[in-house]
Amino acid sequence: MFFHNSYFTTHFGNLFFCSKISIFSLFDHQKSPFRYTQISNYVNVYMKWKKDPFFDSILHIHKSAELKPIIQLKNFIVNYPNGCIPISAVSKRGLEFDISIRVARFLRQYPSVFEEFRGEHNLPWFRLTSEAAEIDREEKRVLEECKEDLKDRLRRFVLMSKDKVLPLKIIKGMAWYLGLPERFLDESKGDLLDASFRFVDMEDGLKGLTVESNGEKLLSTMQRNAMKNGVYFGGTLEGIEFPLFPSRGLRLRRKIESWLNEFQKLPYVSPYEDFWHLDPDSDFAEKRVVGMLHELLSLFVEHSAERKKLLCLKKYFGLPQKVHKAFERHPHMFYLSFKNKTCTAILKEAYCGNSSIEKHPMLVVRKKYIRLVKESDRILKNRRINNRFIKHEKLEKGSDIDADSDDRTDIQAEESSQEWLVLDLLPHSSIPFIVEKLNLNLQCYMQKQLNKLERCIQKAIYKLIGKLDWCFKLFLLYKLIIYMPEWWVGL
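Our subject in this report is the structure included herewith. What you are looking at is a predicted structure, and each value in this text was computed from that prediction instead of being measured. (Residues numbered from 1 in each chain as written. Predicted model: local features only at pLDDT ≥ 70, side-chain atom pairs only at ≥ 80, totals over all residues. Heavy atoms only, no water.)

## Remarks on the overall build of the chain
1) Next: Looking only at helices and strands, one finds 19 helices and nine strands in the chain.
2) Next: Going through the 491 residues of the chain one by one, you find that 40% of them count as buried.
3) Next: Taking all contacts inside the chain whose residues are at least 6 apart in sequence as the whole, residues at least 24 apart take part in 67%.
4) Next: Total accessible area on the chain is roughly 30400 Å²; 56% of this is exposed by carbon and sulfur atoms. (Helix = DSSP H or I, 4+ residues; strand = E, 2+ residues; numbered from the N terminus. Buried < 20%, exposed > 50% of the residue type's maximum accessible area, 1.4 Å probe, protein only. Contact = heavy atoms within 4.5 Å. Areas by Shrake-Rupley, 256 points an atom, 1.4 Å probe, with all protein chains shown as cover.)

## A look at the packing of aromatic side chains
1) Next: Inspection of every chain in the model, using the stated rule, returns 12 aromatic pairs.
2) Next: Between F76 and Y80 the ring centres are 5.8 Å apart and the planes differ by 40 degrees, which places this aromatic pair in the tilted class.
3) Next: Given a relative accessible area of 31%, Y80 falls into the partly exposed group.
4) Next: Plain terms: the ring middles of F157 and F317 are 5.4 Å apart, the flat faces sit at 50 degrees to each other, and that makes the pair tilted. Of the two residues, F157 is situated in helix α7 (residues 147-159) and F317 in helix α14 (residues 314-317); the sequence distance between them amounts to 160 residues. Here the two residues F157 and F317 agree in accessibility, since each one is buried.
5) Next: Among the aromatic residues, those joined into a ring-pair cluster are F242, W259, F263 and Y268. (Phe/Tyr/Trp six-rings, centres within 6.5 Å; stacked < 30°, edge-to-face > 60°.)

## Examining the sheet that holds strand β3 (residues 124-128)
1) Next: Here we have three strands laid out as an open sheet, ordered β1-β3-β2, and antiparallel in their pairing. The two strands at the open ends of the sheet, each matched to only one other strand, are β1 (84-86) and β2 (114-118). Pairwise comparison of adjacent strand axes, ignoring direction, gives a mean angle of 30 degrees for this sheet.
2) Next: With three bridges connecting them, β1 and β3 associate as antiparallel partners. Bridge pairing in β3 links C84 to R127. (Pairing = 2+ DSSP bridges. Axes fitted to C-alpha atoms, helices over the stretch in contact; angles between N-to-C directions.)

## Regarding the packing of helix α11 (residues 254-265) against helix α12 (residues 283-299)
1) Next: Where α11 contacts α12, the two axes come as close as 10 Å, and the packing angle between them is 75 degrees. Relative to α12, α11 is oriented roughly perpendicular. Contacts between α11 and α12 involve W259, F263, Q264 and K265 from the first element and D283, E286, K287 and V290 from the second.
2) Next: Among the residues forming the contact of α11 with α12, the class breakdown is three nonpolar, one polar and four charged. (Parallel < 35°, antiparallel > 145°, perpendicular 65-115°, else oblique. Nonpolar A, V, L, I, M, F, W, Y, C, P; charged D, E, K, R; others polar.)

## Remarks on the nonpolar core
1) Next: One finds V90, F114, L154, F157, F300, L310 and F317 to be the most contacted residues of the largest nonpolar core, which totals 101 residues.
2) Next: A total of seven residues in this core trace back to one element, the largest contributor, which is α12.
3) Next: Among all residues touching L154, those that are not within four sequence positions of it are I171, L180, L185, L193, F197 and L209.
4) Next: Core analysis: the second largest hydrophobic core is formed by five residues, V269, F275, L278 and F284 among them. (Core = buried A, V, L, I, M, F, W, Y, C linked by side-chain atoms within 4.5 Å.)

## Quick look at unusual backbone geometry
1) Next: A positive phi angle, close to 55 degrees, is found at H303, a residue other than glycine.
2) Next: A relative accessible area of 1% places H303 in the buried class.

## Topic: α12
1) Next: Here α12 is 17 residues long and its end C-alpha atoms lie 25 Å apart, about the 24 Å a rise of 1.5 Å per residue gives.
2) Next: The element α12 is extensively covered by neighbouring structure, given that 17 of its 17 residues are classed as buried. (Expected span 1.5 Å × (residues − 1).)

## Considerations on the side chain of S247
1) Next: Among the structural elements, S247 can be located in the loop between α10 (221-228) and α11.
2) Next: Among the polar contacts made by the side chain of S247, one reaches the side chain of K348 at a distance of 2.5 Å.
3) Next: In contact with S247, other than residues within four places in its own chain, are D52 and K348. (Polar contact = N/O pair within 3.5 Å; in protein donor to acceptor, adjacent residues only side chain to side chain.)

## Remarks on the environment of L297
1) Next: Among the structural elements, L297 can be located in helix α12.
2) Next: Overall, L297 belongs to the buried group, its relative accessible area being 0%.
3) Next: Remark: the alpha-carbon pair of L297 and I346, spanning 49 residues in sequence, is separated by 7.6 Å.
4) Next: If we ignore the near neighbours within four places in the chain, the residues touching L297 are H303, S304, A305, L310, F334, A345, I346 and L347.

## Description of the pairing of strand β8 (residues 334-337)
Side chains on a regular strand alternate between the two faces of the sheet.
1) Next: Residues of β8 alternate between two faces, with F334 and L336 on one and Y335 and S337 on the opposite face, all of them buried.
2) Next: One ladder, built from four bridges, connects β8 with strand β9 (residues 344-347); its direction is antiparallel. Looking at the pairing, Y335 lines up with I346 of β9.
3) Next: The turn linking β8 back onto β9 is made up of six residues, and N340 within it adopts a positive phi angle of 60 degrees.

## Re the environment of P53
1) Next: If you trace the backbone, P53 turns up in helix α2 (residues 53-56).
2) Next: Sequence spacing of P53 and S337 is 284 residues, and the spatial spacing of their C-alpha atoms is 9.5 Å.

## Brief notes about the sheet that holds β9
1) Next: Strand order in the open sheet formed by three strands is β7-β9-β8, and the pairing between neighbours is antiparallel. On the outer flanks of this sheet lie β7 (304-306) and β8, each paired with one strand and no other. Across this sheet, the average inter-strand angle for adjacent strands is 20 degrees, counted without regard to direction.
2) Next: Where β7 meets β9, three bridges bridge the pair, whose relative direction is antiparallel. Within the sheet, the bridge partner assigned to A305 lies in β9 and is A345.
3) Next: Its contacts with the sheet place α12 against β7, β8 and β9, and it is angled at close to 90 degrees to β9.

## Observations regarding the pattern of salt bridges
1) Next: Using the criterion set out here, one finds 27 salt bridges in the structure.
2) Next: Among the salt bridges present, the one from R93 reaches E96, with a minimum N-O distance of 2.8 Å.
3) Next: Residue R93 is classed as partly exposed on the basis of its relative accessible area, which comes to 28%.
4) Next: Its salt-bridge partner being R153, residue D149 comes within 2.8 Å of it at the nearest N-O pair. Note that D149 and R153 are positioned in helix α7 at a spacing of four residues, about one turn of the helix. (Salt bridge = Lys/Arg side-chain N within 4 Å of Asp/Glu carboxyl O.)

Have a look at this one:
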């Protein structure tokens, strides 16, 4: 009878099935994380991608993939005896340096970084240019001065994993983004890592790296910045809003804006905290995923990374299967650039306004390398112009030699004609012989003049054809072959 009361049934049903009020909140008024695990307002949203020319024009982001094999080859040359290598030392190691063309051709594409010279047995050798050697010395100095900063970034990267241990192959795959030199992960040089780092054997037979936190609570970049601004006090379920940087011309639909406002009010989950109690389909878990991506990109040198590289971390960082959707659902935080035939995820906060994200110490060095690499384009362009100039000078010199020879034959013909004209005083019996000789000289002179005219016509036609479209060139060649005289076809 009690449950058959219609008023009570309606009131109890609304209370029990409400999406935002848990029945357990009647007994516990504190904000427990379990209160948010069943909230799923609008996770499966679709955001239209909007091109942003500013992020597409950041040079050191989009040149990073091109710079990586150059730095690897530079390190190989520096570690080689005498600081120079024969081409045979690297000609078969293109896959190791992630080079898709011949290594010799790749080295010659960057004359501002690699200098070629002839060594033993007249074979090509390569060494660093003076400018590249100078930047290399600065790079070593920066690595030595910022060793503690690099170790802290590596420690945070490992502690973000769900088991606080990562395979060495994963760390080596992300070492370029973290700005770590290769020797950092060398077990034989354990002095580079302190006692908190340990090399372990993992279940799959892989070598791994783990870090002992010693109960120390790590604060993420979001928490440190919120604490500086006085909106975070070190609690576990305090709400921290992500900084948003809308792109110009990007507008969200009203229901997406309302979902985003509610999303910002949710408690912040640090990527260094346990997350197993969260419902993977909830907005609360979505905020944890976004916070982890934000922390990852803030640790990297360019605060960006190829999206496919980040997808390789799903297994070890406890990320959902469709983690790439998080970049699309939050266009005010992340920008996806599709330059260079790849998708690059960029953290907007690092490049908008007075960013509170710490700059990586290796960023300045990489910018100098990129400026040096750009000099190669100018050097190669000047070489092409000079080669074209030299070729043109050789052609002109050849034409001058031909003209001089023609002039000499003309003078000889005139002198011979004058000599034979004097022979009019000779007897009439010698006149036929004189006429025959004059005819021969005249034919020779006419032939020389004709050859000279033909060469002038050829040069004029070549210059004209060089300025025409290739389709018109074929048409013009067809007409020349058909309608020009036989002497042109013979050429």
